[in-house]
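# Coordinate analysis (summary)
What follows is the residue order along each chain.
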Amino acid sequence: MTPIREMFATLERAALLPYLTAGLPTPADSIDLFRAMVDAGADAFEVGIPYSDPLMDGPVIMRASEVALAAGTDATRAWAVLEQVAGLGKPTLAMTYANPVMQAGWEAYCRRLSGVGAAGIIIPDLPLEEAGPLLEAGIAAGVGVVLFVSPTTDPDRLRRVAQADPEFIYGVSDLGVTGERQAVSEHVVGLSARVRAVTEVPLVLGVGISTPEQVQAVRQLADGVIVGTALVRRVLEATNAQEAARALFDAVRDLRTALE
Amino acid sequence: MIPRRLDRPDEAGRFGEFGGRFAPETLMPALAELEREFESAWSDPDFRAELNRWLSSFVGRPTPLQEARRLSKQLGVRILLKREDLAHTGAHKINNAVGQALLAHRMGKPRVIAETGAGQHGVAAATAAAALGLECSVYMGVVDIERQALNVQRMELLGTEVVPVAAGAGTLKDAVSEAMRDWVRTVERTHYIIGSVVGPHPFPWMVRELQRVIGEECIDQLGGEMPDLVVASVGGGSNSMGIFYPFAGGEVELVGVEAAGEGIDSGRHGASISAGRPGVLHGTRTYLLQDADGQVQEAHSISAGLDYPGVGPEHAYFNDSGLATYDSASDLEALAAVDLLAHTEGIIPALESAHAIAWVSRNASRLAGKTVLLNLSGRGDKDLQTIAGRRQ
Ligand SMILES: Cc1ncc(COP(=O)(O)O)c(C=O)c1O
């Protein structure tokens, strides 16, 4: 069993997968923030690779990408952060976009992920129809590929996504790009039920889930929850790395408590 | 082997190895629906008749094909101008905007959104939306809002909300990204009227079908004669694909002119085919300005409509298969071409279209005695501020 699947199989609650952009506040400090989240009870990580054109991201994560790039987080430094995060012993997934992976080559990119100890990859602009080469490369390199479903995905399409046997299904809980929402989306109960009805592939909910209350509201609906913007915002608001690490520790601890 | 144009892209939305649908999952059902709806509308004689009525009575089609006598004499090249600048709102963009707005109406979507660089597509979308009673929001980079202020006022007068985009360089690429983010949020009631032959399938195919009227009219107006070359400026590539497509695969040489900005060597340009590598941007695989890591680079052009680091995937296919060739013209050449056309023909062209004129002017000796069909894609009123600024 892969480390990610094993995590879902052994945990008796939904897993907490914090998202954070690599290279914040600087490439050198970045690992301290992830370490603080391990101490606070994170189960796995989604590490955002800073990108020029993050189409699925709202203003906060866009800003984080800009800040990280301006701080010198080029591809080489992003790989170094990814390797350090994977070294913390929690399943670690890279979150990036289609173009940088295609430029490196699907196979080469997956081999390198495996080489730095990463467990998986998430590409939000690579839908099922375009994911063939990545799915193959992932299998060859032992890297789990995540596929998305959304409230707009019909049951037939959902079945085809499940049949591709992704590492897990990323259920986009709300229409729109990443960002905080006032309340959990009305779509999420139906989405979870539709996924559960057709597959046993683990379901992880993300996009628009930010607070402990929201996490609590969805924890029965999925095998895991991704929280991104709410954490990234705290890092952008902090004046230095220590302050950011403390803020992340508190936030992740509260999110974990909400899952117990 | 004689290269062939494709009637339409394959199942996966590919023109050869270009195109596709690199879009967020939330949009995939909407893209599939759009493909079905456009297919059914396009083969429905009633829809086609309605579109044609709009094109003739509202847009003013057919646009004239004009012998540019004094310009021809001066350059020693016979030049025929396809006067898209005379279409309602002042550019070819309206052909596509009216078609897609009618489609949105047919699909029962009460709201449309668009991106704009030069503001011409934004004005065209705002115009079509007003005429059909649709809500409309247009995304526009803050730099373009500044340099195309006239068009911002026009959109607002038409009842459209202009949403400033400060991200990135504040130009066309960022406006497309922000329009797509809006669409991911509002897809259930909104249609995205993309402004060029770019974006995920079916957009590049659909916009080409809506713009091919330009070239088809030229063939009618030429009355059996064939030009030696067809020349057009290439931003996303809609005015060029619109005039190229009906000629493609025949004897006529097709030349697309990209923005060389401050020069290809300066790195400040918008010449994706001439100087880019294949990659993915805004849902499609095409030639792209990018660095070694695959970060998309900012384009630069004096003309907001050519200031884009990608290009329509069918142009990438035309380039690789030899159906067309692509070259570029610089900011300074385009400015000089504005003067040239204004003084010889009494027409102030858009800075975008001026790139095509500049290319013919630079290549005049090689083209001596030939007949060139040139797409005058738009008029230059919107650019007066930019042009005046460069004169000081
Ligand atoms: C007059 C005019 N010509 C050309 C263009 C470039 O776009 P395309 O290459 O899609 O024709 C624009 C875009 O704004 C335009 O306004």
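Rules used in this analysis
- Sequence order as written defines the numbering, with residues in each chain counted from 1.
- As they are written, the chains are lettered A onward and the ligands numbered 1 onward, keeping that order.
- Note on the predicted model: pLDDT of at least 70 is required for a residue's local features to be given, and 80 or more for side-chain atom pairs to be given and counted; whole-chain, interface and lining totals, by contrast, use all residues.
- Here the side-chain values reflect all heavy atoms present in the structure, with hydrogen atoms and water set aside.
- Counting from the N terminus, the helices are the DSSP runs of H or I reaching at least four residues and the strands are the DSSP runs of E reaching at least two.
- Within these notes, the globule rule equals 2.2 Å times the number of residues to the 0.38 power, and the radius of gyration is based on C-alpha atoms.
- Whether a residue is buried, partly exposed or exposed follows from its accessible area with a 1.4 Å probe, protein chains only, as a fraction of its type maximum: under 20%, in between, or over 50%, in that order.
- Residues count as neighbours in contact if any of their non-hydrogen atoms are within 4.5 Å of one another.
- Residues scored as charged are limited to Lys and Arg (positive) and Asp and Glu (negative), so that His and the chain ends carry no count.
- Positions of charges follow a simple convention, taking NZ of Lys, CZ of Arg, CG of Asp or CD of Glu.
- Any residue with a heavy atom positioned within 4 Å of a molecule or strand is treated as near that molecule or strand.
- Polar contacts, as counted here, are pairs of nitrogen or oxygen atoms within 3.5 Å of one another; within protein the pair requires one atom able to donate a hydrogen and one able to accept it, and residues that are adjacent in sequence qualify only if both atoms are side-chain atoms.
- Here the Shrake-Rupley method, with its probe set to 1.4 Å, supplies the accessible areas, and only the displayed protein chains count as covering residues.
- Gly falls in the polar group here, along with every residue not listed as nonpolar (Ala, Val, Leu, Ile, Met, Phe, Trp, Tyr, Cys, Pro) or charged (Asp, Glu, Lys, Arg).
- Either an automatic procedure or a domain database provided the assignment from which the domain bounds are taken.
- For the purposes of this section, nonpolar cores are sets of buried Ala, Val, Leu, Ile, Met, Phe, Trp, Tyr and Cys residues that join through side-chain atoms within 4.5 Å.
- The predictor rates its confidence in each residue with pLDDT, a number between 0 and 100.
- Accessible-area loss on putting two parts together, using a 1.4 Å probe and summing over both, is the definition of buried area adopted here.
- Salt bridge, as used here: a side-chain nitrogen of Lys or Arg that lies within 4 Å of a carboxyl oxygen of Asp or Glu.
- Each Phe, Tyr or Trp ring (for Trp, its six-membered ring) is paired with any other whose centre lies within 6.5 Å, and the angle between the two planes then decides the class: stacked below 30 degrees, edge-to-face above 60, tilted in between.
- We call two strands paired when DSSP finds no fewer than two bridges between them.
- For helices, the fitted axis covers only the stretch in contact; all axes are lines through C-alpha atoms, and the angles between them, taken along N-to-C directions, range from 0 to 180 degrees.
- Taken from the helix axis, the directions to the C-beta atoms give the arc we talk about.
- When the strands point away from the viewer, a crossover counts as right-handed if the route from the first strand across the helix to the second turns clockwise.

Counting its regular elements, chain A contains twelve helices and eight strands. Taking 260 residues into account, the globule formula puts the C-alpha radius of gyration at 18 Å, and chain A, at 17 Å, falls close to it. Across its three principal axes, chain A shows a C-alpha extent of roughly 45 × 40 × 35 Å. By the burial criterion, 60% of the 260 residues in chain A qualify as buried. The contacts in chain A between residues at least 6 apart in sequence include a share of 73% that link residues at least 24 apart. Considering chain A, the positive charge centre built from 20 side chains and the negative charge centre built from 32 side chains are found 3 Å apart.

Residue and element names in this part refer to chain B. Near the ligand, the surroundings consist of 19 residues, among which Ser 196, Gly 235, Gly 237, Ser 238 and Ser 377 are the closest. In the environment of the ligand, an oxygen atom lies 3.3 Å from a nitrogen or oxygen atom belonging to the backbone of Gly 236. Asn 239 places a polar side-chain atom, nitrogen or oxygen, 2.8 Å from an oxygen atom of the ligand. For the ligand, the accessible surface in isolation is 390 Å², of which the surrounding protein chains cover 97%. Residues belonging to the shell around the ligand are distributed by class as follows: five nonpolar, twelve polar and two charged. Split by domain, the shell around the ligand shows at least three residues from each of two domains, domain 1 (15-55 + 93-207) and domain 2 (62-90 + 212-391).

Quick look at the nonpolar core now. Of all hydrophobic cores here, the largest spans 198 residues; its most connected members are Phe 168 of chain A together with Phe 318 of chain B. Of the residues that make up this core, three or more belong to each of domain 1 (15-55 + 93-207) and domain 2 (62-90 + 212-391) of chain B. Each residue touching Phe 168 of chain A, except ones within four places of it in the same chain, is listed here: Ile 4, Phe 8, Leu 17, Leu 93, Ile 122, Val 145, Val 146, Leu 147, Val 201, Pro 202 and Val 204 of chain A. By size, the runner-up hydrophobic cluster in this structure holds 32 residues, among which are Ala 356, Val 372, Leu 374 and Ile 387 of chain B.

On to the confidence of the model for chain B. On average, residues of chain B carry a pLDDT of 97, and 99% of them reach 70 or more. Across the predicted assembly, pTM comes out at 0.97 and ipTM at 0.96.

The next subject is the environment of Thr 116 of chain B. All names here are of chain B. If you trace the backbone, Thr 116 turns up in strand 5 (residues 111-116). Given the relative accessible area of 1%, Thr 116 is considered buried. Here the alpha-carbon distance between Thr 116 and Gly 305, two residues 189 residues apart in the chain, equals 8.0 Å. In this view, Thr 116 contacts His 121, Gly 122, Val 138, Tyr 139, Met 140, Asp 144, Met 155, Leu 172 and Ala 175; residues no more than four positions away in its chain are not counted.

Our focus in this paragraph is the interface of chain B and chain A. One widely used convention gives an interface's size as the accessible area the parts lose upon coming together. In this assembly, 35 residues from chain B lie in contact with 35 residues from chain A. Of the roughly 2,700 Å² buried between chain B and chain A on both sides combined, carbon and sulfur atoms contribute 55%. If you sort the residues of chain B by the area they bury against chain A, Phe 22, Glu 25 and Arg 181 of chain B come out on top, with a joint share of 26%. Inspection of the region where chain B meets chain A yields three salt bridges. Close ionic contact of Arg 14 of chain B with Glu 130 of chain A constitutes a salt bridge, the shortest N to O distance being 2.8 Å. For the side of chain B that touches chain A, the elements supplying multiple residues, two or more each, are helix 1 (28-42), helix 8 (172-186), strand 11 (277-281) and strand 12 (284-288) of chain B.

All names here are of chain A. Using the criterion set out here, one finds 13 aromatic pairs over all chains in the structure. Aromatic pair Trp 79 and Tyr 109: ring centres 5.0 Å apart, planes at 50°, arrangement tilted. Pair noted here: Trp 79 is in helix 4 (residues 75-86) and Tyr 109 is in helix 6 (residues 106-115), with a separation of 30 residues, a long-range link. Tyr 109 carries the same exposure label as Trp 79, and that label is buried.

The subject of this paragraph is unusual backbone geometry. The omega torsion of the bond from Leu 24 of chain A to Pro 25 of chain A falls at -15°, within 30 degrees of zero and hence cis. Take Pro 25 of chain A: it is sitting in the loop between strand 1 (15-21) and helix 2 (30-39). That bond from Arg 61 of chain B to Pro 62 of chain B is cis: its omega, 0°, falls within 30 degrees of zero. Positive phi values are uncommon outside glycine, yet Asp 165 of chain A reaches one of about 50°. The topology assignment puts Asp 165 of chain A in the loop between helix 8 (155-163) and strand 6 (169-172). We note that Thr 89 of chain B has phi near 75°; this positive angle belongs to a residue other than glycine. One can find Thr 89 of chain B in the loop between strand 4 (78-83) and helix 4 (93-106). In this structure Thr 89 of chain B comes out as buried when scored by relative accessible area, which is 7%.

This brings us to the sheet that holds strand 4 of chain B. All names here are of chain B. Spatially, the six strands line up as an open sheet ordered 3-4-14-9-10-13, and their pairing is mixed. Each having just a single partner strand, strand 3 (65-67) and strand 13 (325-330) make up the two edges of the open sheet. Shown here is a sheet whose adjacent strand axes are inclined to one another by a mean of 30°, direction ignored. Against the sheet, helix 10 (residues 213-222) touches strand 3, strand 4 and strand 14 (371-376), its axis set at about 130° to strand 4.

All names here are of chain A. What the eight strands build is a closed barrel, ordered 1-2-3-4-5-6-7-8; its pairing is parallel. Neighbouring strand axes in the sheet, compared pairwise and without regard to direction, differ in orientation by 25° on average. Examined bridge by bridge, strand 4 (residues 120-122) and strand 5 (residues 144-149) share three bridges and lie parallel to one another. Across the sheet, the residue bridging to Gly 120 is Gly 144, located in strand 5.

Take helix 7 (residues 149-157) of chain B next. Residues and elements named next belong to chain B. Residues Asn 151, Val 152 and Met 155 constitute the buried set of helix 7. Within helix 7, the buried residues cover an arc of 105° as seen down the axis, which keeps them to one side. Of the exposed residues in helix 7, those oriented more than 90 degrees away from the buried face are Gln 153 and Leu 157. Each element contacted by the buried residues of helix 7 is listed here: strand 5, helix 5 (120-132), strand 6 (135-141), helix 6 (142-147) and strand 7 (161-165). One or two residues past the end of helix 7 sits Gly 159, with phi positive at roughly 90°.

Glancing now at the pairing of strand 9 (residues 229-233) of chain B. Residues and elements named next belong to chain B. For strand 9, the buried fraction is high: five of the five residues fall into the buried class. The alternating pattern of strand 9 places Leu 229, Val 231 and Ser 233 on one face and Val 230 and Ala 232 on the opposite face, and all of these are buried. Relative to strand 10 (residues 253-261), strand 9 is paired through five bridges, and the arrangement is parallel. Directly across from Ala 232, in strand 10, lies its bridge partner Gly 256. On the question of chirality, the crossover connecting strand 9 to the parallel strand 10 by way of helix 11 (residues 238-244) is right-handed. Bridge count for strand 9 against strand 14 is three bridges, and the pairing is parallel. Bridge pairing in strand 14 links Val 231 to Leu 374.

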